[in-house]
Every structure is written in C-alpha cells, then in structure tokens.
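# Structural overview
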Amino acid sequence: QNNNYLATVLFVPSVALFGESVFALRLPVLVASAMLIVFAYLFIAELTKKNKYAFAFALMLCVGGLVTSLGFMGAPYMFVAAALVASGYFMLRFYSRGISSSRLIRGGCNVLFSGLFAAVALAIDFAAILPVAAILVLFAFGMRRQKKRRLAKKKRLPWKGKPKR
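Presented here is an overview of the structure given in this document. Just so we're clear, the structure is a prediction, and the values are computed from it rather than from any experiment.

Quick notes on the rules
- Residues numbered from 1 in each chain as written.
- Predicted model: local features only at pLDDT ≥ 70, side-chain atom pairs only at ≥ 80, totals over all residues.
- Heavy atoms only, no water.
- Patch = residues over 30% accessible without salt bridge, like charges linked within 9 Å, V, L, I, M, F, W, Y side chains within 5 Å.
- Areas by Shrake-Rupley, 256 points an atom, 1.4 Å probe, with all protein chains shown as cover.
- Salt bridge = Lys/Arg side-chain N within 4 Å of Asp/Glu carboxyl O.
- Helix = DSSP H or I, 4+ residues; strand = E, 2+ residues; numbered from the N terminus.
- Buried < 20%, exposed > 50% of the residue type's maximum accessible area, 1.4 Å probe, protein only.
- Expected span 1.5 Å × (residues − 1).
- Bend = angle between axes of the 7 residues up to and from the residue.
- Contact = heavy atoms within 4.5 Å.
- Phe/Tyr/Trp six-rings, centres within 6.5 Å; stacked < 30°, edge-to-face > 60°.
- Lys NZ or Arg CZ within 6 Å of the ring centre and 35° of its normal.

### Some thoughts on a nonpolar patch on the surface
A grouping of Leu6, Val9, Leu10 and Val120 is seen on the molecular surface, where their side chains present a nonpolar patch of about 270 Å² in accessible area. Among the elements that make up the nonpolar patch, the one with the highest residue count is helix α1 (residues 5–18) (3 residues). Counting through the fold element by element, valine 120 comes out in helix α6 (residues 104–124). Valine 120 gets classed as partly exposed once you look at its relative accessible area, which sits at 35%.

### Quick word on α1
With 14 residues, α1 extends 20 Å between its outermost C-alpha atoms, agreeing within 8% with the 20 Å of an ideal straight helix rising 1.5 Å per residue. Its maximal kink placed at phenylalanine 11, α1 deviates by approximately 30°, while the proline proline 13 follows within four residues. Within α1, the full set of buried residues consists of Ala7, Phe11 and Ser14. Where α1 is buried, its residues touch α2 (22–48), α5 (77–97) and α6. Trailing α1 by a residue or two, glycine 19 shows a phi angle of about 80°, which is positive.

### Here's the deal with the packing of aromatic side chains
A full pass over the atoms with the stated rule returns 9 aromatic pairs. Pairing phenylalanine 39 with tyrosine 89 gives two aromatic rings, centres 5.9 Å apart and planes at 50°, and the pair type is tilted. Within this pair, whereas phenylalanine 39 is found in helix α2, its partner tyrosine 89 is found in helix α5, the two being separated by 50 residues in sequence. One aromatic cluster is present, formed by Phe39, Tyr89, Phe90, Phe113 and Phe117 through successive ring pairs. Seen from the ring of tyrosine 95, arginine 145 lies directly overhead, with NZ or CZ sitting 4.7 Å from the centre.

Have a look at this one:
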C-alpha cells in the first residue's frame, strides 16, 4: 500500500516518457539530487559568503553517503531533502537580506519560495515537520531582525519640521 501519493505523482512524467524501466524511476531522483547539490552550494555560499567553502561542501555532498545512497534507491527521500535545503536557502536569504520597501517583490519571493518548498517537503513526508519548524524559527528571527532595522532606521531619520526654541 502506497501512502505517499505526491511522491508517486512526481514519478509519473518520467514513467510516461521512458516507460516502465529502472531509468524512468531513477531519473526524477537524479534531478532531485542535482537540485539538492545546487541549493546546498547556494546555502553555504550565502551562509559563509565564500564560494570555495560552498564548492567544497557541494563536492563532499556529491561523494558523500546522502546523495549516493538515497539517489540509487528510487525513493522519494531525495525530494524531501532537496525541498528542505531549498526552503532553508530561501529563508536564509530572507534572514540575511530582509525585505526593503524598494525590493518588496524580491524579498517577498524569498519567503514565498521557502514556504512552497517546505510545503512540498511536508506533502511528500510529514516527518519533515521538525526541519520545517526550524525554518519557521528562522523566519521568526528574520521578522524580528526586520523590525529592529525598521526601528533603527526611524531613529536615524533627521527631525522634520521647525525646531522649537
């Protein structure tokens, strides 16, 4: 009995295109693995601000056990891992860059994409609730940081109007 309907739907286009074969079942997992590696690189680059550390992390991820073991299984676990890392990346971008009034759409898209990837991870496997909760905590800290920036900006604005004597 299959209780994971969304993961089954993610395999349907590949099976329709390549027929019922091992390749058709492993191709979506390969794409999810590539997505995981790319978003892991971007996450570490955003976190450390150094591309060489991000490249080293992505290289270790490529040859490490997660991508190689989960990638060969043909199971939906790689979709969950890729969606969680992508969600974390977009939420980290929101936390570090925030949302300014001049970049409202760009900053809002970070939160939107983070939420969409977290929802996909939860829809595939509800056991991803703990990492999603950590991403929500990062969102709360990002909102707190936004509020502090806004208050600090208001304090720095020059006083408008006529000075009192």
